[in-house]
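Residue-level listing of the chains:
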Number of protein chains: 2
Amino acid sequence: MIHNVVLLGAGNLATQLAKALSANGIKIISVYSRTETSAQKLANIVNSQFCIDVSQIPQNADLYILATSDSAHLSVLQALTFTPQKLVHTAGSVPLEILNGYAKSTGVFYPFQTFSKSRNVSFKNIPVLIESKESNLREELLTLAGNISDRVEIMESDKRKFLHLSAVFVCNFVNHLYDLGQELTNSAGIDFSLLHPLIMETAEKIKTLSPREAQTGPAVRMDTNIIGQQEALLNEKCPDLVEIYSKLSRSIFNYANK
Amino acid sequence: MIHNVVLLGAGNLATQLAKALSANGIKIISVYSRTETSAQKLANIVNSQFCIDVSQIPQNADLYILATSDSAHLSVLQALTFTPQKLVHTAGSVPLEILNGYAKSTGVFYPFQTFSKSRNVSFKNIPVLIESKESNLREELLTLAGNISDRVEIMESDKRKFLHLSAVFVCNFVNHLYDLGQELTNSAGIDFSLLHPLIMETAEKIKTLSPREAQTGPAVRMDTNIIGQQEALLNEKCPDLVEIYSKLSRSIFNYANK
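**With respect to the packing of aromatic side chains**
- For the structure shown, the criterion picks out twelve aromatic pairs over all chains.
- Look at A:Y245 and B:F173: their rings are 5.5 Å apart centre to centre, the planes differ by 65°, and that puts the pair in the edge-to-face class. Note that A:Y245 is positioned in helix α9 (residues 242–256) and B:F173 in helix α5 (residues 157–187), a pairing that runs across two chains. Just as A:Y245 is buried, B:F173 falls in that class too.
- With 5.0 Å between their ring centres and 70° between their planes, B:F169 and B:F173 make a pair best called edge-to-face. Separated by four residues within a single helix, B:F169 and B:F173 lie in helix α5, roughly one turn from each other. A single burial state applies to B:F169 and to B:F173, both of which are buried.
- An aromatic cluster of at least three residues, connected via ring pairs, comprises A:F169, A:F173 and B:Y245.
- The side chain of A:K237 reaches across the aromatic face of B:F162, ending 5.0 Å from its centre.

**Things to note about the sheet that holds strand β2 (residues 27–32) of chain B**
Residue and element names in this part refer to chain B.
- Here eight strands make up an open sheet; going across it, the order is β3-β2-β1-β4-β5-β6-β7-β8 and the pairing mixed. Strands at the two margins of the open sheet, each flanked by one partner only, are β3 (49–51) and β8 (152–154). Taking each pair of neighbouring strands and ignoring which way they run, the sheet shows an average axis angle of 25°.
- Pairing geometry for β2 and β3, over three bridges, is parallel. Residue pairing in the sheet places V31 in a bridge with F50 of β3.
- On top of the sheet, α5 reaches β5 (86–89), β6 (105–111) and β7 (128–132); it is set at about 25° to β6, its chief contact.

**Digging into the nonpolar core**
- Ranked by internal contacts, the top residues of the largest apolar core, which has 88 residues, are A:F169, A:Y178, B:F169 and B:Y178.
- Residues in contact with A:F169, not counting those within four places in the same chain, are A:V174, B:L177, B:L180, B:G181, B:L184, B:L234, B:L241, B:I244 and B:Y245.

**Overview of the pattern of salt bridges**
- Enumeration according to the criterion identifies 26 salt bridges over all chains in this entry.
- Note that A:R160 is salt-bridged to A:E131, the shortest N-O span being 2.6 Å. Taken as a pair, A:R160 in helix α5 (residues 157–187) and A:E131 in strand β7 (residues 128–132) lie far apart in primary sequence, 29 residues in all. Note on accessibility: A:R160 and A:E131 belong to one class, buried.
- Put simply, A:E153 and A:R151 hold a salt bridge, and the shortest N to O gap is 3.3 Å.
- In this structure A:E153 comes out as partly exposed when scored by relative accessible area, which is 27%.
- By relative accessible area, A:R151 is classed as partly exposed at 24%.
- The network of salt bridges with shared partners includes A:D179, A:E183, B:R212 and B:K258.

The rules we used
Residues numbered from 1 in each chain as written. Chains lettered and ligands numbered in written order. Predicted model: local features only at pLDDT ≥ 70, side-chain atom pairs only at ≥ 80, totals over all residues. Heavy atoms only, no water. Phe/Tyr/Trp six-rings, centres within 6.5 Å; stacked < 30°, edge-to-face > 60°. Helix = DSSP H or I, 4+ residues; strand = E, 2+ residues; numbered from the N terminus. Buried < 20%, exposed > 50% of the residue type's maximum accessible area, 1.4 Å probe, protein only. Lys NZ or Arg CZ within 6 Å of the ring centre and 35° of its normal. Pairing = 2+ DSSP bridges. Axes fitted to C-alpha atoms, helices over the stretch in contact; angles between N-to-C directions. Contact = heavy atoms within 4.5 Å. Core = buried A, V, L, I, M, F, W, Y, C linked by side-chain atoms within 4.5 Å. Salt bridge = Lys/Arg side-chain N within 4 Å of Asp/Glu carboxyl O.

Laid out in structure tokens, this is it:
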């Protein structure tokens, strides 16, 4: 059983994960971050120690959770001054094997959500994807994840990277389209909050209809009159959006007629 | 005061609007549609008459609501055998002037939402944008809209078309990205419903953070390692998505560094 953990990282994901674990009876022994203010801030929230020097990381934790950005993984791992018993990373597109040689037992604990430091999320609905070649650690990770989430599944690296890639489409790209929508409303002096109900309904809708069935708008029916008008509007106010508009309109039409 | 209406059209928007008006004490006198099953079905729901011949449209309604697809507007208008007192259309990108000459008083009643026949929506949160050059009709439309929605605003055609264009980005294009996400999860044998919490949180987030602030993922930090891996995955499984992936990633990065 995992009773306590060390968090390696104090970013968005580390912050929300530490809060959820702490709120569910898992002791956070220490938070490590190169950035003192980040480490201290998170340590204060979850009532733990913190350190900014890898050599000061406590060596007696049940589990070490690597939750830095992907690009900092190797520098943290290579700096470790001891070999943890159990170590997991939390990244979608990073294979389990990156931890090889850095701990006795290794795994992945991937909470599938977008995290911001300033925005608390309820972990209950967040799927947590677990991977480990060792059945003991796998069971412990399933139990740990089950403490904070109602949806825990085993998923191996090859599949997880597709899950992460799909997240880029439905989260990162979608959010960017919200940003482009705001660019347009700003350019026309329209309050962006008028779009909130539409944005929520578009997201809600695909719980009961497939996205293919839910598709509406000028592109799906190739309404060339409206499409031409809208391209002209974009050319006038936001010319850098014309290309994305045309590509996505064409793609919608192609998919509707697949 | 508008006590009763005739609906010209029985599609997604007409269906949801007729239900909302009917539930709020407005009598639907008749539903006109070229498609008998559609007209009859909606008429049954809102306890009204229906007709499939323009010449049979009752001439005594307080208001005529043109809620067909944009492309059918003119054919319905030109077929009318009388000149209504008050006539509105319900379209985002169609100017008020299209109704000139077809009624004594004309206006726009634009519920800003995505509608499906099979999915009921609560009108309370749906913004309704009103336009009319005549103050009497404008006031009556504001009152009518206020019966069904808590957010009613006046917006003229030139601004409304930008609102509609922004809807294409945050609804139609966003829904298409959900579709592409499902394409990816299907190709990897992943249950698409794993993405629902992420999709909902992405939509919720921008009520409290601007989309620019909320942006996460590999593109915003130009993580060329992950981006290269993901382009390779797409090339292997869904090559037709590579171009959209690259364009949107580049656009995210450009906006983050504006």
